[in-house]
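Secondary and tertiary structure notes
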There are 4 protein chains.
Amino acid sequence: MQTMQMENITQHDVADLGLAEAGRKRINWAAREMPVLKLIEDRFREEKPLQNILIAACLHVTTETARLVEVLQTAGATIRLCASNPLSTQDDVAAALVQHGIAVFAKRGEDPQAYHLHLHKAADIMPAVTLDDGADLIAMLHRERTDLLPLVLGGTEETTTGVMRLRAMAKNGVLRYPVIAVNDAMTKHLFDNRYGTGQSTIDGLLRATNVLIAGKVFVVAGYGWCSRGIAMRAKGEGANVVVTEINPLRALEAAMDGYRVMPMNEAAKIGDIFVTATGDINVIDRPHFERMKDDAILANSGHFNVEIDVQSLSEMSCNIAHPRPHVTTFTMDDGRKLQLLAEGRLVNLSAAEGHPSAVMDMSFANQALCVEYIVAQSRLHRLPDRIHRVPVAIDEQVAKVKLEAMSLKIDTLTEQQQQYQSAWETGT
Amino acid sequence: MQTMQMENITQHDVADLGLAEAGRKRINWAAREMPVLKLIEDRFREEKPLQNILIAACLHVTTETARLVEVLQTAGATIRLCASNPLSTQDDVAAALVQHGIAVFAKRGEDPQAYHLHLHKAADIMPAVTLDDGADLIAMLHRERTDLLPLVLGGTEETTTGVMRLRAMAKNGVLRYPVIAVNDAMTKHLFDNRYGTGQSTIDGLLRATNVLIAGKVFVVAGYGWCSRGIAMRAKGEGANVVVTEINPLRALEAAMDGYRVMPMNEAAKIGDIFVTATGDINVIDRPHFERMKDDAILANSGHFNVEIDVQSLSEMSCNIAHPRPHVTTFTMDDGRKLQLLAEGRLVNLSAAEGHPSAVMDMSFANQALCVEYIVAQSRLHRLPDRIHRVPVAIDEQVAKVKLEAMSLKIDTLTEQQQQYQSAWETGT
Amino acid sequence: MQTMQMENITQHDVADLGLAEAGRKRINWAAREMPVLKLIEDRFREEKPLQNILIAACLHVTTETARLVEVLQTAGATIRLCASNPLSTQDDVAAALVQHGIAVFAKRGEDPQAYHLHLHKAADIMPAVTLDDGADLIAMLHRERTDLLPLVLGGTEETTTGVMRLRAMAKNGVLRYPVIAVNDAMTKHLFDNRYGTGQSTIDGLLRATNVLIAGKVFVVAGYGWCSRGIAMRAKGEGANVVVTEINPLRALEAAMDGYRVMPMNEAAKIGDIFVTATGDINVIDRPHFERMKDDAILANSGHFNVEIDVQSLSEMSCNIAHPRPHVTTFTMDDGRKLQLLAEGRLVNLSAAEGHPSAVMDMSFANQALCVEYIVAQSRLHRLPDRIHRVPVAIDEQVAKVKLEAMSLKIDTLTEQQQQYQSAWETGT
Amino acid sequence: MQTMQMENITQHDVADLGLAEAGRKRINWAAREMPVLKLIEDRFREEKPLQNILIAACLHVTTETARLVEVLQTAGATIRLCASNPLSTQDDVAAALVQHGIAVFAKRGEDPQAYHLHLHKAADIMPAVTLDDGADLIAMLHRERTDLLPLVLGGTEETTTGVMRLRAMAKNGVLRYPVIAVNDAMTKHLFDNRYGTGQSTIDGLLRATNVLIAGKVFVVAGYGWCSRGIAMRAKGEGANVVVTEINPLRALEAAMDGYRVMPMNEAAKIGDIFVTATGDINVIDRPHFERMKDDAILANSGHFNVEIDVQSLSEMSCNIAHPRPHVTTFTMDDGRKLQLLAEGRLVNLSAAEGHPSAVMDMSFANQALCVEYIVAQSRLHRLPDRIHRVPVAIDEQVAKVKLEAMSLKIDTLTEQQQQYQSAWETGT
């Protein structure tokens, strides 16, 4: 009865341990598409680079995250995991992880109090390393558990949103331990943010609504890596895509890529579907709701549920209904209906299954290697208290292993070519 | 207690009447995107063109079909509905229709016996008009209920597969009532088959597997309207698409559209994902399974589950497992695993929700108007016993109304332009 | 000095025989991409199916046309060739053909009188077969040379525009010999009109203007095979494409393909570049010119130079200049400048080199085989005086040979698959 | 007779001053699409920031370059211009510039001696600022005119290739004046390299060959900004694109973008068209030529003509012919023909007109502002002798002005949004 024992000794707060087997099956399915993490796990099993390291992880509790924490466990670490979003937890995965001996504190749909309590539960492990996806754990530690800060060797952050938040902390001089911006690795944001968010956002949208995308005016707020992934895939489904931006350079790129570019005030009047992925607040707001067409669909793929001003939407509505799972219909006084998906939370994680494993493989390979790096560096001297880039060697290693896993071969520079690159005399 | 009464008087065999409310909600959701059918319903309510007409319908029991049969009922018809595929029935919709007074005989996952029995239950209404999606009802009537054939004024057929089958019947001289090939309407196959099957096949594939499509070698069998829709959307998701064909003209088009074209024997060796949509049998067969890569994914979007030779696949396997809903893993003797989706049945209807309502709106508007046409014509003289085209006037009417519903305005020919088109004297 | 002799005996009116060698080089270059016509030539050389047949051809005098008339000559025919557009003649090709013993009457930039005279020169051969590209020769024969009509066994027509014109003749009951609508062959219009016109129109536009297409609002008038080819390629260059149509079905397709659809009156206000390919008159007209932005670019890819109302444009202008070859700048009274390309004539033939040889290979293979068919049929009994379709066998043969030439292999139906397609009993 | 006077006083070595009027017309045409540079010119006319500054510019002598040097002249500078490639000079532009009072030393097709001499002629002005496109002028000064180096306040470099070369110089410690890497400005490489090279490379390819791109296997060497622009446009024309790379990260991106990725050795066997844009030497080499299909087309879009090993190609050939302008046919001993475009030099500049003005507008706006910056900075203190980035303020200014010129409006952050971005406390 090893399993029962496990449950006895592993602390947890999950929805239903009975879902463990279903979760395990799905984790195994995800593992198929995560060869890079698998290779790292094989090495970690030999080398045990995280022996006796305590880790607190605040991540979306998904099948891919399960693989990451298992790999860290294989390396010798002890881990506590809480959710980085109250709606994104996959309860079967949470159960399977508990059964695997990992302390999980996460229930899908938990209320803000439970969410907050679970952050503390994770922190109670007194971590040497933290993993974040949106910086909620780091922020909480800096606000409410400052006693623990000196123990932390370093942290990692997965998202654009979290990195923006941490840069604000660093700029304000309050950041008290080093953090590696995993998001900024090339093998992370170029793939996860673009191809991952792109595909999974459309996926969430379709699971939630089953609407035909071809022929729709599809408004994407932002033209960063996530939002250009969304725009690219919406175009790939036959949508007529409109982009809104605040950055002139990105706006120009969007225009040159063939999209219409206009302010949200204009886009609001013509859009059939709106998706936000900007990392900022109230990107779709009261004045926009006022101009929208009847039956417009609103979704968010940014990390926090602040991009669509749901509060204003509620106040403007005389009726609120739930016609389908993940859809809330707000009826305005003038009779127009606006269809909000996933309550304005991450539509790809709420209504679908989040990013495909194949991209999370690369993002989490970076995570695993960065945790190893933080620990290894600290044995020499603690990294300075600021935002650090992912070491280039890690980035390149991830790319190489991924290519091999896809059976893709590429060229290498000949000696003559290397020499040419370092010469300057030869010209026309 | 009108509802209870309904249940008392409406014959049915559905999974659970308790699902009726959920089904009704979903039907209402679909109705949002079906403005053409709505306009037809409004007219039918006034004119009652199908007063006292008995109809047997063998269609996928989905929210969109619900709208069609409700519209026919509004027109004065009495309808019996059975499923056109054992796996595609949405049980909540079936329940909602029963509550709406329509006799439904369909349960998701019913066995072949039950499926067959339900065809007979539908036939028992002694129909004046039949509606088919794959020609199972017509074929059964011609085989087993020939006594009913003289009563039938005409039928309609929705799919490419069904039309192929009916042409075979007509060619063999056994077709005993007229059938309108709704599939061949421009406003049907150009939209439903291409944009509908395209989007929903990718949707089914993602719901079943959540794999990343970008970077995958995606093999599409066929380059007809359905399969080119699938190829287009797979490309839109970043796949590297390979097309197989038996028709040289279509093969050339696929090549000129930028896809690789090769025989299935070659494609089998390199594909990560395979989707069939040809209307023919054993398109992926034993020799192909033998060459496939480990972990290849196989799905079908053609009407019948004959395109992938599941029988051979089973025989070649030493183990069969079910890692996720809609996924069956066949392990070969050499250790390779092949992942079959939805048991080789229509992946878009089995693993997702079938075509988006917006395209079914056009297909079913054609259906409703063709049923009206059959009945109206028969009052003058019965149509000849052959395959008929959808009248051009119906096709054009559907297109015009759809454009209006999308708020799209187009040009009209000026008098001068009309004149120019009918003149031949003016040249260079 | 056989060449000199040739010049002595071959009647002609071309610009400069000294260009013959340059023309021959370019014809050879085109021949590289015309393997289907080459195979037909090899057979014709053996079989001489057109022995002693007199042919009058009114075609764009390009390298590809050169190949066609040489193939007909190889088959035993005697040919006279005149231009089907005063601006499209390639003078070096005309010279090379004369040197090859073919009577050519065509000079680039010839005036209407010369153009008309050349039609008569071609007719003077007293043709048994005519070849047309726009139906100018057929129309002239029916108007001015009715004495010759009884001699004609049949004709062929290459373009959508010409077929429209001939249908008008047939409808008006004035068509006096049979014509095969080569344009309607699948291997013609699906390839030549779409991929050929698409690529070469963009090519003509760039050679004439060198403007960046990415980010431009690119208005395409029409969504037939030519215009959808143009739209597809404009999108492929990064344009934001707007489509105008008069046909609701095509308008719907354009919308579902992700383009904006609107009337020309609206499009006129926002377009940076306009291209017409409708086959109708005054598609861009005075009211549109009045609304256009400063510096808008106007081009036509339809057969006749009637689609843009150049007459009105001239009348509205206070100044007309020629800043670059193929560009005319019309300055309006309000200071706006409109840039007209190639005087409103076919921009792909005037400013670039017309369709790539690879698509003309298929179109002209159809032409060659249709001429053979007309002659062979007439030996049995003259075809009826109406528009005929290209025989399916010819269409399929062209596709097969082209695939082989591209080294592309496809599948063939197994016996079981053929049987399945002709069976109707098997269903779910 | 001011023009004659000009000719008397302006030193020059150009092909034919009689072409000046034609060149002026084309310069004016380009100016239409260069609104950013126009605005800068207006300010420079007022402020004269380059009064009495001597400039040597080694740039492709095109209409866009003409605008740049005219703007610098307007700012008060005196300029000498030589070509940065012997084949890219537009002789009419060179003539027009001389007439405008600018000393030009450049003739299309000049031999290496003349090219080299012209570099010296430009250097003879004893420049305070140098402009380079490929670093030939800087390299020559550092090799042969070291006496002039102390006079130079700074230089600018336009291309990826040139920047690579300068980094090699800096790394080797031989760079003796500061250089701004204009190429690395976002508003330069994201637009010029991607959209500019993409469109103009296809343009050059079509003008040189007129081949159909749809259906061709199109091999692009590299997946940097230039080469991904080429791949994108080749795909947009219907090609089946294959990418070769030496960088694993870029190779992964190419794969995820749907292209096939393989080593050149494999690609060589299947390609119909090859284009190089890597900045390195012998990217297509003898072993590749040996494997290529008959009639393969080879072109280069990288700065120097070293990417295709033309020397080896010549040695392997038994016959060399010139079937069309810009095409050289190499016949191998085994009978295969390889078609080399533009002698392996920049195909977009040699066979077409180089980048469209609209992108050069942004690149050259950066150039003009960087020259102003170098001069202004030097009045305070000379910039250090290394490679400098374009100041962010310049980059942003260019983007903003370009957006305005395109009449595109974008959003601005609200106060609340700015505050949110700088806060870290708020989370889930």
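Residues numbered from 1 in each chain as written. Chains lettered and ligands numbered in written order. Predicted model: local features only at pLDDT ≥ 70, side-chain atom pairs only at ≥ 80, totals over all residues. Heavy atoms only, no water.

1. A short note on the overall build of chain A
A tally of helices and strands in chain A yields 18 helices and 15 strands. Since a compact globule built from 428 residues should have a radius of gyration of about 22 Å, the 22 Å found for chain A is in line with a globular shape. Along the longest, intermediate and shortest principal axes, the C-alpha atoms of chain A span 75 × 65 × 45 Å. Here chain A holds 428 residues, and 67% of them are scored as buried. The contacts in chain A between residues at least 6 apart in sequence include a share of 72% that link residues at least 24 apart. The positive charge centre, built from 43 side chains, and the negative charge centre, built from 53, are 1 Å apart in chain A. (Helix = DSSP H or I, 4+ residues; strand = E, 2+ residues; numbered from the N terminus. Rg over C-alpha atoms; globule rule 2.2 N^0.38 Å. Buried < 20%, exposed > 50% of the residue type's maximum accessible area, 1.4 Å probe, protein only. Contact = heavy atoms within 4.5 Å. Lys, Arg positive; Asp, Glu negative; His and termini not counted. Charge placed at Lys NZ, Arg CZ, Asp CG, Glu CD.)

2. Quick word on the confidence of the model for chain A
Residue and element names in this part refer to chain A. When pLDDT is averaged along chain A, the result is 94, and 97% of the positions lie at 70 or above. When the criterion is pLDDT under 50, residues 1-7 qualifies, and its contacts beyond four places in sequence or with other chains add up to six contacts. Both confidence scores are given for the complex: pTM 0.93, ipTM 0.91. (pLDDT = per-residue confidence, 0-100.)

3. With respect to the packing of helix H7 (residues 136-144) of chain C against helix H8 (residues 160-171) of chain C
Think of two packed helices as two axes; the pair is described by the angle between the axes and how far apart they sit. Residues and elements named next belong to chain C. Between H7 and H8, whose axes approach to 10 Å, the crossing angle comes to 30°. By the criterion of interaxial angle, the relationship of H7 to H8 is roughly parallel. Every residue of H8 that contacts H7 at Asp-136, Ile-138, Ala-139, His-142 and Arg-143 is listed here: Arg-165, Leu-166 and Met-169. (Axes fitted to C-alpha atoms, helices over the stretch in contact; angles between N-to-C directions. Parallel < 35°, antiparallel > 145°, perpendicular 65-115°, else oblique.)

4. Looking at the domain arrangement of chain A
Residue and element names in this part refer to chain A. Each domain of chain A was delimited in the assignment, giving domain 1 (6-188 + 355-405) and domain 2 (195-350). Computed over C-alpha atoms, the centres of domain 1 and domain 2 are 29 Å apart. Between domain 1 and domain 2, the contact holds 18 residues from the first and 15 residues from the second. Counting the surface lost from both domain 1 and domain 2, the interface buries some 1,300 Å², and carbon and sulfur atoms represent 61% of this. One can count zero salt bridges joining domain 1 with domain 2. At the surface where domain 1 touches domain 2, the tally comes to three residue pairs in polar contact (both at pLDDT 80 or more). Among the elements that line the side of domain 1 that touches domain 2, the one with the most residues is helix H8 (residues 160-171), at three residues. Classifying every residue of the side of domain 1 that touches domain 2 by side-chain character gives five nonpolar, nine polar and four charged. (Domains from an automatic or database assignment. Buried area = accessible area lost by both parts, 1.4 Å probe. Salt bridge = Lys/Arg side-chain N within 4 Å of Asp/Glu carboxyl O. Polar contact = N/O pair within 3.5 Å; in protein donor to acceptor, adjacent residues only side chain to side chain. Nonpolar A, V, L, I, M, F, W, Y, C, P; charged D, E, K, R; others polar.)

5. Describing the relation of the copies chain C and chain A
With an RMSD of 0.0 Å, the operation that places chain C on chain A is a rotation of 180° combined with a shift of 0.0 Å along the axis. Both chain copies can therefore be described as sitting about a two-fold axis. Residue Asn-240 of chain C of chain C places its C-alpha closer to the rotation axis than any other residue of that unit, at 4.7 Å. A high fraction, 100%, of the interface residues of chain C reappear at the interface in chain A, so the copies pair face to face through one surface. (Least-squares fit on C-alpha atoms with pLDDT ≥ 70 in both.)

6. Some points on the sheet that holds strand S13 (residues 317-324) of chain B
Residue and element names in this part refer to chain B. Pairing is mixed across the open sheet formed by eight strands, whose spatial order is S10-S9-S8-S11-S12-S15-S14-S13. A single partner strand is all that each edge strand has here, and the edge strands are strand S10 (260-261) and S13. Bridging between strand S11 (residues 273-276) and strand S12 (residues 296-300) involves four bridges; their strand directions are parallel. Each residue of the ladder has a partner; that of Phe-274, found in S12, is Leu-298. (Pairing = 2+ DSSP bridges.)

7. Thoughts on the interface of chain C and chain A
Opposite the 13 residues of chain C that make contact, chain A presents 13 residues. Buried area between chain C and chain A, summed over both chains or domains, comes out near 880 Å², and the portion from carbon and sulfur atoms is 55%. Considering only the surface of chain C that becomes buried against chain A, Asn-240, Met-256 and Arg-260 of chain C emerge as the three largest contributors, covering 45% of it. On inspection of chain C and its partner chain A, the count reaches zero salt bridges. Classifying every residue of the side of chain C that touches chain A gives six nonpolar, four polar and three charged.

8. Observations concerning the relation of the copies chain A and chain D
Of the two same-sequence chains, chain A is brought onto chain D (RMSD 0.0 Å, axial shift 0.0 Å) by a rotation of 180°. Here 100% of the contact residues of chain A are again contact residues in chain D; the copies associate through an equivalent surface.

9. What to know about the packing of aromatic side chains
Evaluated as defined, the whole model comprises eight aromatic pairs over all chains. Pairing Phe-191 of chain B with Tyr-195 of chain B gives two aromatic rings, centres 5.8 Å apart and planes at 45°, and the pair type is tilted. Of this pair, Phe-191 of chain B and Tyr-195 of chain B both sit in helix H9 (residues 186-209), four residues apart, which is roughly one turn of the helix. With respect to class, Phe-191 of chain B is no different from Tyr-195 of chain B; both count as buried. One residue, Lys-235 of chain C, lies across the ring of Tyr-259 of chain C, its end atom 5.2 Å from the ring centre. A cation over an aromatic ring shows up here: Arg-32 of chain D above the ring of Trp-29 of chain D, its NZ or CZ 3.9 Å from the ring centre. (Phe/Tyr/Trp six-rings, centres within 6.5 Å; stacked < 30°, edge-to-face > 60°. Lys NZ or Arg CZ within 6 Å of the ring centre and 35° of its normal.)

10. So, the interface of chain A and chain D
Size of an interface: often given as the accessible area lost when the parts come together. The partner chain D presents 68 residues to the 68 residues of chain A that form the contact. In total, chain A and chain D occlude about 5,900 Å² of area from one another, counting both sides; carbon and sulfur atoms represent 66% of this. Inspection of the region where chain A meets chain D yields two salt bridges. Where chain A packs against chain D, one counts 18 residue pairs in polar contact (both at pLDDT 80 or more). Secondary structure elements with two or more residues in the side of chain A that touches chain D: helix H7 (136-144), H8, helix H9 (186-209), helix H11 (248-256), helix H17 (392-405) and helix H18 (415-422) of chain A. Across the side of chain A that touches chain D, the residue classes break down as 36 nonpolar, 16 polar and 16 charged.

11. Examining the sheet that holds strand S4 (residues 103-105) of chain B
All names here are of chain B. A sheet is described by the order of its strands in space; here eight strands give the open sequence S1-S4-S3-S2-S5-S6-S7-S16, paired in parallel fashion. Each of the sheet's edge strands pairs with one partner strand only, and the pair in question is strand S1 (12-13) and strand S16 (387-388). Sheet topology places strand S5 (residues 129-132) next to strand S6 (residues 154-157); four bridges connect them, and they run parallel. Its bridge partner lying in S6, Val-129 is registered against Gly-154. Against the sheet, helix H16 (residues 357-380) touches strand S2 (54-58), S5, S6 and strand S7 (179-181), its axis set at about 165° to S6.

12. Points about the UniProt feature "binding site: substrate" (unreviewed entry) in chain A
Residues and elements named next belong to chain A. According to UniProt, the "binding site: substrate" (unreviewed entry) feature falls on Thr-62, Asp-133, Glu-158, Lys-188 and Asp-192. One can find Glu-158 in the loop between strand S5 (154-157) and H8. Structurally, the position occupied by Lys-188 is in helix H9. Of the residues examined, Lys-188 reaches a relative accessible area of 3% and is grouped as buried. (UniProt positions renumbered as here; feature names shortened; annotations may be inferred.)

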